[in-house]
Amino acid sequence: KMTYKATVSVPRWATCVMSAVQMIQQTSPKNVKTFVWMQDVPVSSYLIALAVGDLRRKEISARCAVWSEPQIVDKAAEEYSQTEDFLRIAEDIAGMPYVW
């Protein structure tokens, strides 16, 4: 397992999402967006995920959201609408809150 930090630069129109905590997002005068991600909890390499594209975020609860292409983000939100319920059940089973 490992921790990691990633710096990803993308065109201004694109968004980067990753399986880590976003620390920074900035846009340069040259129309390049740079994202910095940090994962302080050691994870297996197969759990590292990265996506870049024309992405939109849609909230599905106070702590859950989906990211997808604009034309399907509403369908994705509907597909994952029970995520909050699943998290609450997992918290009840574990006896502790899910902190991410």
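Residues numbered from 1 in each chain as written. Predicted model: local features only at pLDDT ≥ 70, side-chain atom pairs only at ≥ 80, totals over all residues. Heavy atoms only, no water.

Draft legend 1. Focus on the sheet that holds strand S3 (residues 21-27). One open sheet accounts for three strands, arranged S1-S4-S3; its pairing is antiparallel. Unpaired on one side and paired on the other, strand S1 (2-11) and S3 mark the two borders of the sheet. Taken over all neighbouring pairs, the strand axes of this sheet differ in orientation by 10° on average, direction set aside. Pairing of S1 with strand S4 (residues 32-43), which is carried by nine bridges, proceeds in the antiparallel orientation. Directly across from Val-8, in S4, lies its bridge partner Phe-35. (Pairing = 2+ DSSP bridges. Helix = DSSP H or I, 4+ residues; strand = E, 2+ residues; numbered from the N terminus. Axes fitted to C-alpha atoms, helices over the stretch in contact; angles between N-to-C directions.)

Draft legend 2. Spotlight on the side chain of Glu-91. Structurally, Glu-91 can be placed in helix H2 (residues 83-94). Residue classification places Glu-91 among the buried residues on the basis of a relative accessible area of 15%. A distance of 2.8 Å separates a polar atom in the side chain of Glu-91 from a polar atom in the side chain of Arg-63. In contact with Glu-91, other than residues within four places in its own chain, are Arg-63, Met-96, Pro-97 and Tyr-98. (Buried < 20%, exposed > 50% of the residue type's maximum accessible area, 1.4 Å probe, protein only. Polar contact = N/O pair within 3.5 Å; in protein donor to acceptor, adjacent residues only side chain to side chain. Contact = heavy atoms within 4.5 Å.)

Draft legend 3. Broad picture of H2. For H2, built from twelve residues, the straight-helix expectation of 16 Å at 1.5 Å per residue is met to within 8% by its first-to-last C-alpha distance of 16 Å. When we look at burial in H2, the residues that qualify are Glu-84, Leu-87 and Glu-91. Looking down the long axis of H2, one finds its buried residues gathered within 60° of arc, a one-sided arrangement. Across from the buried face of H2, at angles greater than 90 degrees, the exposed residues are Phe-86, Asp-92 and Ile-93. Gly-95 sits one or two positions beyond H2 and adopts a positive phi of about 75°. (Expected span 1.5 Å × (residues − 1). Arc of directions from axis to C-beta.)

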